[in-house]
Amino acid sequence: MTSFHQIYSKFKGALLEGWQTGEVAAHFGPTASLESMFKYLSSLPEAQQILLPPPGDNRISRKGAVEAEKFRNEGNRFYREKKLDKALLAYNYSILAAPHPPVVDGSSNVVGNEYEVLALGYANRSALLYETDQYESALADIERAIAFGYPANRKHRLQERQAKCLLALGRAQEARQTLEEAINLLNALSLEEKEAATTWDSITKLLTKCENKSQETETTTGAYDRLYYTGPISPPDINSPQANTPCMSSALRIAYTPARGRHLVAEREIQPGEILLVEDALTAIVKLDATLRSHCSKCLRRAPIPIPCPTCSLVVFCSDKCRSVSLSSGHGAECGVLATLVALQLDPAPAIAFHVLASTNLPTLRDQVTSIRRCTGSGLKPLLQVTQDYRSLYHLEGHATARPESQLQEVAAMAYILTHILLEKCSHFLTDTSGSSITPTEEDITMVGSQLMLLILGVECNVHCTKEVEVSNNNSATSGKQTRGKEVGWAVYSGLSLINHSCIPNSLTTSLGSTKFLYSISIIPKGVEITDSYGERYVSHSRTERRKALQDHYFFCCGCAACQSDWPIYQELPEKPSLRCPSCCQVLVGFQCMICKLVCTSDNALKNGIKLYDAPKTQVQISRTWSEYSKAAAQIQLGKISAELLAKVLEMLTLLDKYTVHPNKAYISTQETLMTCFDLMGSVVYTNPTNANT
């Protein structure tokens, strides 16, 4: 497979051989428009000959009955060996590889046994799901197996399992109806005497259970819950959302200054642990690697019981709803070119840029760009609202005028290749509202290419990686510990794009699939800007390292307090926190400030408005609270989370925030524990699910 970087390297080599490097570079820079840069590159013979999309290896995404049968047999072997986690994975791969009928309006119409291998995959997976107490999912797989042509002479077996699932869910009447259907089928079959006796005996016992069964759901052991757990159903709620922007807390407002650009400001004092923003992605994609087969391409949540794409074996969905939405827009347009996109080994920004344009069509894009440019040209302020449309993507800050010529040339080359794919291989893109094909003009092609450049630049500076926390659950020395998270995809958000960087951020984010929620990690006074960290925080990297990374990628020099004062990294900080002066924030010595001469031994308010505090009492309170916090932190590091544990963390963090000199190790450690709390409220995967192999 040929990656973009290999193609671009060949292109630069051709320019070098032709002594054109300097001449070409002169057409790229801060004074040139994106349109002129793209148009110029498109006119180069070297671009037309070299910057062509690779064909890709369609073997990575093709379906085939032989491959599906191979995976299903492997799943059966693991199932017999009681290696249920491995059996589930094999059955999933069998279903992905099996030929699939077209999906129309969320369903498929199947006649005959053309898709029997798919039906068998669903049937076998339903047996595993029943054994691991996933009754609703097992019922769904049984229905799919029947719909896709499960052999009629064995259908009664599925109906027995269906009845068992219904009984386990307390739906005895439905179970009885299912068994009666099975009896009617059996009466029409000629089974061997032994099989017939066993089958009738099983059905008779189930009918007896139907008569005696209450309408209560059976209590399950929960032994396999972690095999299927992907995180909470929904993110935490905002305590007081804005009426016009419900994804944002009323504690925030959007502001604009020429120096800071668009940003968020606290409307009141915000306490640690407050949920400030809960936002669905403007656009999101799964990483273009093996993650495509493990995480839903629509919502980016792990799909332990996946639904396949009907035309490729590379993409999965977590539900019929996600599949239906994605096939009608995003993946439906990309499916045929996915092998090419994988071959290009795209970085997040160009992958998202292509996804955005592939999800629409040329007339719609043309109208959107015209409308936005009309508004922008009228002298209106930058977009000071959270929107879920193309305007938010268009207005992302890409720092085009701050970038070197070499970067702009590379972005133009990438846009040129992606434009080729859109116009030549994505037929949906070149259709109008009635579905009729259209022919793009030269102006259209330039517009598409320049919009791809605009999106690539903007997304590069605003993309968020979506992560999944990995929690280990075995008997080793590392039992229960979780990492900061494994990257599973990338997304762009309207509200989160308003947040500026600080190496000492007062808020951070957690992913739940493609949904992100922002929470405070310190006390944020009224009027203070809300900040996040675009990269590494001061606790782990030096000022020189941080500033270089920010300048290289985001084109600014950070001026936060940690950078201005060159704060030490975590390892260089004192172990024990020191109480601080309420006036100058310097260290108290013997409960007295050596600079202000204030003595903090009582809770008094001075005439100048400074509030003193009882330092001896506070010191005792911090020590006692730390003891309780340490116990809670130990539980949290084992992957446990509750309101009580979170409350102990927040109590400790608030005390350290209000009364100690920053930075200090205790404060940073408590913030890290709070981050772990919220990470556990996001996407989670247990790397060694309890009893998964028993």
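Residues numbered from 1 in each chain as written. Predicted model: local features only at pLDDT ≥ 70, side-chain atom pairs only at ≥ 80, totals over all residues. Heavy atoms only, no water.

S.K.: Just give me the short version of the overall build of the chain, but keep the residues and values in it.
M.R.: When its secondary structure is counted, the chain shows 25 helices and 15 strands. A burial count over the chain gives 51% of its 694 residues as buried. Across the chain, every contact between residues at least 6 apart in sequence was considered, and the portion connecting residues at least 24 apart equals 71%. Carbon together with sulfur atoms contributes 50% to the accessible area of the chain, which is approximately 32,000 Å² in total. (Helix = DSSP H or I, 4+ residues; strand = E, 2+ residues; numbered from the N terminus. Buried < 20%, exposed > 50% of the residue type's maximum accessible area, 1.4 Å probe, protein only. Contact = heavy atoms within 4.5 Å. Areas by Shrake-Rupley, 256 points an atom, 1.4 Å probe, with all protein chains shown as cover.)

S.K.: Which residues make up the nonpolar core, and what values do they have?
M.R.: Judged by nonpolar contacts, the single largest core of 101 residues is most densely connected at Leu357, Tyr390 and Phe429. Tallying contributions element by element places helix H19 (residues 405-425) first for this core, with 12 residues. Of all hydrophobic cores here, the second largest spans 42 residues; its members include Val278, Val469, Tyr519 and Ala632. (Core = buried A, V, L, I, M, F, W, Y, C linked by side-chain atoms within 4.5 Å.)

S.K.: So what's going on with the pattern of salt bridges? Residues and values would help.
M.R.: Summed over the entire model, instances satisfying the criterion amount to 29 salt bridges. Measuring nitrogen to oxygen at the nearest pair gives 2.9 Å for the salt bridge that ties Asp141 to Arg144. Residue Asp141 and its partner Arg144 are located together in helix H8 (residues 135-147), separated by three residues, close to a single helical turn. We classify Asp141 as buried; its relative accessible area is 0%. The buried category is assigned to Arg144, whose relative accessible area is 16%. We note a salt bridge from Asp566 to Arg543, for which the minimum N-O separation is 3.7 Å. With Asp566 in the loop between helix H22 (561-564) and strand E13 (588-589) and Arg543 in helix H21 (residues 543-554), the pair connects residues that are 23 residues apart, well separated along the chain. (Salt bridge = Lys/Arg side-chain N within 4 Å of Asp/Glu carboxyl O.)

S.K.: Now, about the sheet that holds strand E7 (residues 464-471): what can you tell me, with residues and values included?
M.R.: By way of backbone hydrogen bonds, the strands of a sheet pair with one another, either parallel or antiparallel. Taken in spatial order, the four strands of this open sheet run E4-E8-E7-E15, and their pairing is mixed. For this open sheet the edge positions go to strand E4 (283-286) and strand E15 (684-686), each flanked by a neighbour on one side alone. When strand polarity is set aside, the average angle formed by the axes of neighbouring strands in this sheet is 30 degrees. Where E4 meets strand E8 (residues 486-492), four bridges bridge the pair, whose relative direction is antiparallel. By the bridge assignment, Thr283 is partnered in E8 with Val492. Running over the sheet, helix H16 (residues 348-358) touches E4 and E8 and is turned about 120 degrees from E4. (Pairing = 2+ DSSP bridges. Axes fitted to C-alpha atoms, helices over the stretch in contact; angles between N-to-C directions.)

S.K.: If you had to explain the sheet that holds strand E11 (residues 515-520) to someone new, which residues and values would you point to?
M.R.: As summarised here, the arrangement of the three strands in space is E3-E11-E10, forming an open sheet in which the pairing is antiparallel. The outermost strands of the open sheet, each flanked by one partner alone, are strand E3 (275-280) and strand E10 (507-512). Strand-to-strand, the axes of this sheet are offset by a mean angle of 20 degrees, without reference to chain direction.

S.K.: Got a sec to walk through the side chain of Ser94? Specific residues and values, please.
M.R.: Among the structural elements, Ser94 can be located in helix H6 (residues 84-97). The exposure class of Ser94 is buried, given its relative accessible area of 0%. A distance of 2.8 Å separates the side chain of Ser94 from the backbone oxygen of Ala68, its partner in a polar contact. Residues contacting Ser94, with those up to four places away along its chain left out, are Ala68, Phe71, Arg72 and Gly121. (Polar contact = N/O pair within 3.5 Å; in protein donor to acceptor, adjacent residues only side chain to side chain.)

S.K.: Now, about helix H11 (residues 193-212): what can you tell me, with residues and values included?
M.R.: Over its 20 residues, H11 runs 29 Å from end to end, which matches the ideal 28 Å to within 8%, given 1.5 Å per residue. By the burial criterion, the buried members of H11 are Ala196, Thr199, Ile203, Leu206, Leu207 and Cys210. All buried residues of H11 lie within an arc of 105 degrees about the axis, which places them on one face of the element. More than 90 degrees from the buried face of H11, the exposed residues found are Glu193, Lys194, Thr198, Lys205, Lys209 and Asn212. Buried positions along H11 lie against helix H9 (155-168) and helix H10 (172-187). (Expected span 1.5 Å × (residues − 1). Arc of directions from axis to C-beta.)

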